[in-house]
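# Descriptive structure summary
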Amino acid sequence: SNVRRRMAEHMSASVATSPHAFVAVEADATAITRLRALGSVTIDGVSVEPSTVVAIAVVRALGEFELLNATLSEEGLVVHHGVNLGIVLGLDDGMLVPVIHAAGGLTLRALARRVADLRERTETRQLTTDDLMGATFSIAGAPSESVLFSIPILIQPQVAIVSVGAPQQRASVRDQDGILVPVVDERIVLGCSFDHRVVDATYVARFLDRVSGLLAGLDVESER
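Below: a short report on this structure. Source: prediction; values computed, not measured.

### Remarks on the packing of helix α3 (residues 50-62) against helix α4 (residues 108-123)
Contact geometry of α3 with α4 gives a least axis separation of 10 Å together with a crossing angle of 125 degrees. Looking at the two axes, α3 sits oblique to α4. Considering only the axes of α3 and α4, their crossing is right-handed. Counting all contacts with α3, which are made through T52, V53, A55 and I56, the residues of α4 involved are L108, L111, A112 and V115. Each residue belonging to the contact of α3 with α4 can be placed in one class, and the counts come to seven nonpolar, one polar and no charged.

Set out below in structure tokens:
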């Protein structure tokens, strides 16, 4: 198909252009658990995907890690002060990456509404050229509920992309007042492919740790 042909050309060119590297962390997914208890919908009735919850934390963390919210070309590196977030959406014949422009400052409810609109128009092939242009950073959700993590290819000329694994129940041991107590909680793997010409693994690991912390502290009850 034309969609898959264009995707194939871009992915091949991206691998040839950027030295790809990858870092992943396991994060607390309690915010997603709390949202699921509320029906995984906003107060307006809009469905909220786990990757949308993570996207809120990603956008906020990028304010502190601006080198990842950048584009690189022959003219040099351009660091963007506003986040235009690309959302990787799968189709039967390939993938498209529509863009949420000016994603910074959005609440979970507002972001979920924008994602739902883009998904609907992607599936009905009603996206405009503007919908597909101008992304400064992208995020890819889990392709199925059994995927722990994926290693995405950079969408040129962006220098980083986050992948979100499917939430999983995990047994762990927690220190409660000096006593080790076995618990079962929900965890999620957050991965980040990045252009090694721009940043290194230490910088990206700190970014993912910050995303993890923001995700754990997200007040989904008030933001939905």
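### What to know about the packing of α3 against helix α5 (residues 201-216)
Two elements in contact, α3 and α5, have axes whose closest approach is 8 Å; the angle formed by their N-to-C orientations is 125 degrees. Relative to α5, the element α3 lies oblique. Our pair here, α3 against α5, has a crossing hand that is right-handed. Across the interface between the two elements, V53, V54, A57, V58, R60, A61 and L62 of α3 pack against F207, R210, V211, L214 and L215 of α5. Split by residue class, the contact of α3 with α5 holds ten nonpolar, no polar and two charged.

### A look at the pairing of strand β10 (residues 179-195)
Pairing geometry for strand β1 (residues 20-28) and β10, over nine bridges, is antiparallel. Each bridged residue has a counterpart across the sheet, and for A27 the counterpart in β10 is I188. Hairpin connection between strand β9 (residues 168-176) and β10: a loop of two residues separates the two successive antiparallel strands, and D177 in this loop has a positive phi of roughly 55 degrees.

Cut-offs used in this document
- Residues numbered from 1 in each chain as written.
- Predicted model: local features only at pLDDT ≥ 70, side-chain atom pairs only at ≥ 80, totals over all residues.
- Heavy atoms only, no water.
- Axes fitted to C-alpha atoms, helices over the stretch in contact; angles between N-to-C directions.
- Helix = DSSP H or I, 4+ residues; strand = E, 2+ residues; numbered from the N terminus.
- Parallel < 35°, antiparallel > 145°, perpendicular 65-115°, else oblique.
- Left-handed = near helix turned anticlockwise from the far one by under 90°.
- Contact = heavy atoms within 4.5 Å.
- Nonpolar A, V, L, I, M, F, W, Y, C, P; charged D, E, K, R; others polar.
- Pairing = 2+ DSSP bridges.

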